[in-house]
Amino acid sequence: MENEREVKNGYDVTELKSFAKELQKRNKNVESAIEEFLIKMGSFFDVDIIVVKEKTENGAAIKCTYEWSRKNHILLRGLERRFLDNTWDAWMTRYREGNGCYRFYKGEVCPIILIQQRETESLIQIPVFATNELVMCIDFVDSDRVRDWLAEEAAMKEISAFLYEEFFIKRAPRRDAEVLKRKLDRDALTKLFKIDRFTKKVNDSISGDDSGKYTYAIVSSDVANFKYINEKYGYNTGDLILKKMASTLFLKMKGIVSCCREYSDIFLTAVRCDKDTTDKELKKLVDDCNNSFLDEIRSITEDTSIAINSGFAFVGDHGITVEEAITGATAARKAAKDMALYNTSRCCAYESGMIANKARTAELVSNCDRALANHEFEVYFQPKVLCSTYRIVGAEALIRWRKSDGTFVYPDEFIPAFESNGCIRKTDFFVYEYVFKLLRERLDQKLPVIPISMNVSRIHLFNNQFVEYVGGLLEKYNVPVELLEFELTESICLEELPSAVNTLQWLRQKNIKISIDDFGSGYSSLEVLTRLPINVLKLDKVFMKKDLSNNDKIIISSIVEMARLLGLDVICEGVEEDAQRIFLIEACCEKLQGFIYSRPVPVYEFSKMLEKEFGYA
Ligand code: C2E
Ligand code: CA
Ligand code: CA
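Residues numbered from 1 in each chain as written. Chains lettered and ligands numbered in written order. Predicted model: local features only at pLDDT ≥ 70, side-chain atom pairs only at ≥ 80, totals over all residues. Heavy atoms only, no water.

Draft legend 1. Seen up close, the overall build of the protein. Secondary structure assignment for the protein yields 21 helices and 21 strands. A buried classification covers 51% of the 617 residues belonging to the protein. If you sum the accessible surface of the protein, you get close to 29300 Å²; carbon and sulfur atoms cover 52% of it. (Helix = DSSP H or I, 4+ residues; strand = E, 2+ residues; numbered from the N terminus. Buried < 20%, exposed > 50% of the residue type's maximum accessible area, 1.4 Å probe, protein only. Areas by Shrake-Rupley, 256 points an atom, 1.4 Å probe, with all protein chains shown as cover.)

Put into structure tokens, the structure is as follows:
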């Protein structure tokens, strides 16, 4: 006995495995073989209690099915506990945070109720997954020693999975029919559900949840250029990556309800999130999962050019069904492909219009030339003002499309359509020329002028046309460069970094100001931006919530503070309320742009504003 309690070094489980084989040979009864095996494991790992918990057939509860105790105290066997509302999530979170298992030391609050009744000094809980579903877990308990389990962990994981494969599966002839059904429902490679079963499961989960506390979303993901991976590394590696993708989605995606391989390298995941989860929060979750998958891929291929594309759509938003959310998430994933980001996660939220409006996109695009010829595009201006005095310090040029029937098409609708086929170049150049011409005319007429910023679409970074066109305008209109500014969104700058750098450097050489638009809507850091020649930071509208919480305020103030330290000018967009303006003054953000002062206005109104503010020269 004394000998058996000796700590094993290295924990080579070969001995345990051969013991299992022996047991199988001499023992016809699987149940008693399991009992005997637990005793052996108890002394092998020098623990005091081992408890096996399995999911019940219907998956609604966990049941304590086997138990061994050094002191022969059987307390829990047969005990069944229904899953509480979020138990599954809680378990998965525990395993995720614990690197695939869960550890507990006395003194902490132990969330495992079944174990609270025990004398437990230290515990490690090892989950067992079959076909990517949690099927059981094994608790190893030491009642009188604090243990970190580091030496045992790997061996425990190995032997727990082995125990399941060797004994537990064999134990249940009652499951034969189920196994066959499973095979038909599942993808042979990844063992994940096929799409029909997935859709059914997600629908069932949603209709079975009347708590009102959650919302559900579908995430569609694929590996960018998977074909290239297959070609470069061979199909075995390709398969391995697909299997890894399946298991990573399962283990790392918080709140996962189900997962399937739609086809090829395309996976669908359904997640359950808190009711008010925002696009941004879900994006973060998906990005985190994708990035840990990329770590795995890198350990297989050492390739750093791979990216994961994901798109998601919430079920129930505007009555969207699960099937529609799958289509939406797929469209969003395709949109994500356009982000030229490498070695990271690319993730987009579904936006209305991504699918519905393929026809609409085609219609808008086909009308672009005619609308230009008919002078249907106009340039509106939105003033930028000092927070403290509302003095006008600049303006942003924003395009408007007023159709011949007088109705407007808004930029949020037509700009993405135009970007998708290159029309945007024509409309942007139209805006630029309009602005240059206006400034020239006002200068010639000795009317007051202020710096005007223009938006730069990502498409301009792919070739030289932007540089050539703007260079041409500079010559033609001879506008002082200090009156000009170009706004690039945060995402363009980061994703198209190499191409952006050329364009930005050209602007810098010309002494034209560059601002980063929508800062904070993505995940860039100021540190990255400092590598680019930027002058102005435009804080995105998302920061201007109705009621700014203390945390919001801390974040905004720190960004402003850092930007100022880096020598950047800061302006905040989307300011609508006085409380926001007052806070900005406190945070030392000098400028704002927003409805609080003025909406974007047509040129004649804008001129009146300038004249009112500055008088005539
Ligand atoms: P953006 O560059 O972020 O422009 C600011 C948007 O915020 C404008 O929307 C403006 O009307 C809106 N806005 C300003 N103040 C407030 C406020 O206080 N509250 C709220 N809720 N919104 C405010 P708009 O004009 O509809 O333009 C939408 C987007 O379309 C622009 O976002 C920009 O990305 C794009 N866009 C507009 N004009 C052009 C253009 O000429 N070229 C390109 N490439 N993109 C353009
Ligand atoms: Ca802008
Ligand atoms: Ca903006």
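Draft legend 2. Broad picture of the coordination of the calcium ion (ligand 2). Within the protein, the calcium ion (ligand 2) binds to E396 (OE), N455 (OD1), E487 (OE) and D517 (OD); these donor distances fall in the range 2.1 to 2.3 Å. Each donor residue of the calcium ion (ligand 2) lies on one chain, and together they are spaced E-x58-N-x31-E-x29-D. Separating the calcium ion (ligand 2) and the calcium ion (ligand 3) is a distance of 4.1 Å, and D517 donates to both of them. Highlighted residues: E396 in strand β13 (residues 392-402) and N455 in strand β15 (residues 452-455), separated in sequence by 59 residues. Using a relative accessible area of 24% as the deciding quantity, one classes N455 as partly exposed. (Donors = N, O, S within 2.8 Å, 3.2 Å for Na, K, Ca; no water.)

Draft legend 3. Structural view of the packing of aromatic side chains. Taken as a whole and assessed by the stated rule, the structure comprises 28 aromatic pairs. Ring geometry for F377 against F414: centres 5.9 Å apart, planes inclined by 55 degrees, an arrangement best described as tilted. Here F414 lies in helix α13 (residues 411-421) and F377 lies in strand β12 (residues 377-386), a separation of 37 residues in the sequence. Residue class for F377 comes out buried when judged on its relative accessible area of 5%. Counting every residue linked through ring pairs, the aromatic cluster contains F377, F381, W401, F414, F418, F430, Y434 and F606. Sitting over the ring of Y102, R94 keeps its end group 4.7 Å from the ring centre. For R272, the ring lying beneath its charged end belongs to Y214, and the centroid distance is 3.9 Å. (Phe/Tyr/Trp six-rings, centres within 6.5 Å; stacked < 30°, edge-to-face > 60°. Lys NZ or Arg CZ within 6 Å of the ring centre and 35° of its normal.)

Draft legend 4. Representation of the sheet that holds strand β10 (residues 308-314) in the model. Here five strands make up an open sheet; going across it, the order is β8-β9-β7-β10-β11 and the pairing mixed. Whereas interior strands pair on both sides, the edge strands pair on one side only; in this sheet they are β8 (256-263) and β11 (345-349). Neighbour-to-neighbour, the strand axes of the sheet open up by a mean angle of 20 degrees, direction not taken into account. Inspection of the sheet shows β8 paired to strand β9 (residues 266-274) by six bridges, in the antiparallel sense. Residue R261 lies in a different strand from β9, and its bridge partner there is F267. (Pairing = 2+ DSSP bridges. Axes fitted to C-alpha atoms, helices over the stretch in contact; angles between N-to-C directions.)

Draft legend 5. Spotlight on the coordination of the calcium ion (ligand 3). In the first shell of the calcium ion (ligand 3), the protein supplies D517 (OD), D518 (OD), E573 (OE) and E573 (OE), at 2.2 to 2.4 Å from the metal. Mapped onto the sequence, the donors of the calcium ion (ligand 3) take the spacing D-D-x54-E. On the accessibility criterion, D517 (6% relative accessible area) is buried.

Draft legend 6. Region of the structure containing the environment of N343. Residue position: N343 is located in the loop between α11 (322-337) and β11. A residue is classified by how much of its surface remains accessible, and N343, at 29% relative accessible area, is partly exposed. Along the sequence, N343 and N291 sit 52 residues apart, while their C-alpha atoms lie 8.6 Å from each other. For N343, the residues in contact, after removing those within four places along its chain, are L294, R298, T304, S305, I306 and A307. (Contact = heavy atoms within 4.5 Å.)

Draft legend 7. Structural view of the packing of α13 against helix α14 (residues 423-444). For the pair α13 and α14, the least separation of the axes is 5 Å and the interaxial angle reads 120 degrees. On the basis of the axis angle, α13 is oblique to α14. On the side of α13, the interface is formed by I415, F418, E419 and N421, while α14 contributes C423, I424 and T427. For the contact of α13 with α14, the class distribution of residues is four nonpolar, two polar and one charged. (Parallel < 35°, antiparallel > 145°, perpendicular 65-115°, else oblique. Nonpolar A, V, L, I, M, F, W, Y, C, P; charged D, E, K, R; others polar.)

Draft legend 8. Expanded view of the site of ligand 1. The environment of ligand 1 is formed by 23 residues, the closest being R400, D428, K541, E576 and F595. In this structure, E396 approaches ligand 1 through a side-chain N or O atom, which is 3.2 Å from an oxygen atom. Within the side chain of N455, an N or O atom sits 3.1 Å from an oxygen atom of ligand 1. When ligand 1 sits alone it has 800 Å² of accessible area, and the protein chains cover 85% of it. Taken together, the elements giving at least two residues each to the shell around ligand 1 come down to β13, α13, α14 and β17 (513-519). At four residues, the largest contribution of residues to the shell around ligand 1 is made by β13. (Near = heavy atom within 4 Å. Polar contact = N/O pair within 3.5 Å; in protein donor to acceptor, adjacent residues only side chain to side chain.)

Draft legend 9. Here's a closer look at the pattern of salt bridges. Per the stated rule, a full pass over the model turns up 35 salt bridges. Here R333 ties to D222 by a salt bridge, and the two come within 3.4 Å at their closest N and O atoms. Note that R333 is positioned in helix α11 and D222 in strand β7 (residues 214-223), a separation of 111 residues in sequence. We note that R333, like D222, is buried. Beyond isolated ion pairs, a larger network of salt bridges with shared partners links D46, D48, R70, D142, R145, R147 and E152. (Salt bridge = Lys/Arg side-chain N within 4 Å of Asp/Glu carboxyl O.)

Draft legend 10. Representation of unusual backbone geometry. At H375, a position not held by glycine, the phi torsion is positive, near 60 degrees. With relative accessibility at 68%, the residue H375 sits in the exposed group. For N478, which is not glycine, the phi torsion reads 50 degrees and is therefore positive. Structurally, N478 can be placed in the loop between α15 (465-477) and β16 (484-489).

Draft legend 11. Geometry of the nonpolar core. Of all hydrophobic cores here, the largest spans 79 residues; its most connected members are F418, Y432 and L584. In terms of residues, this core owes the most to one element, α14, which gives nine residues. Excluding its chain neighbours within four sequence positions, the residues that come into contact with Y432 are M454, N455, V456, H460, F466, V470, L473 and F486. Among the nonpolar cores identified, the runner-up in size contains 36 residues, and M41, F45, I126 and V128 belong to it. (Core = buried A, V, L, I, M, F, W, Y, C linked by side-chain atoms within 4.5 Å.)

Draft legend 12. Geometry of a negative patch on the surface. On the surface, D279, D317, E351 and D412 cluster together into a negatively charged patch. Among the secondary structure elements, D279 is positioned in helix α10 (residues 279-301). (Patch = residues over 30% accessible without salt bridge, like charges linked within 9 Å, V, L, I, M, F, W, Y side chains within 5 Å. Lys, Arg positive; Asp, Glu negative; His and termini not counted. Charge placed at Lys NZ, Arg CZ, Asp CG, Glu CD.)

Draft legend 13. Looking closely at the packing of helix α2 (residues 30-44) against helix α5 (residues 150-168). Contact geometry for α2 and α5: axes closest at 11 Å, N-to-C directions at 160 degrees. The orientation of α2 relative to α5 falls into the category roughly antiparallel. The hand of the α2/α5 crossing is right-handed. Across from V30, A33, I34, F37, L38 and M41 in α2, the residues of α5 making contact are I159, L163, F167 and F168. (Left-handed = near helix turned anticlockwise from the far one by under 90°.)

Draft legend 14. Structural detail: α14. For α14, spanning 22 residues, the distance from its first C-alpha to its last is 32 Å, which sits close to the expected 32 Å at 1.5 Å a residue. One or two residues past the end of α14 sits K446, with phi positive at roughly 60 degrees. (Expected span 1.5 Å × (residues − 1).)

Draft legend 15. Local environment of the confidence of the model for the protein. Residues at a pLDDT of 70 or more form 86% of the protein, whose mean pLDDT is 85. A low-confidence stretch, residues 1-8 (pLDDT under 50), is modelled with seven contacts involving residues beyond four sequence positions or located in other chains. (pLDDT = per-residue confidence, 0-100.)

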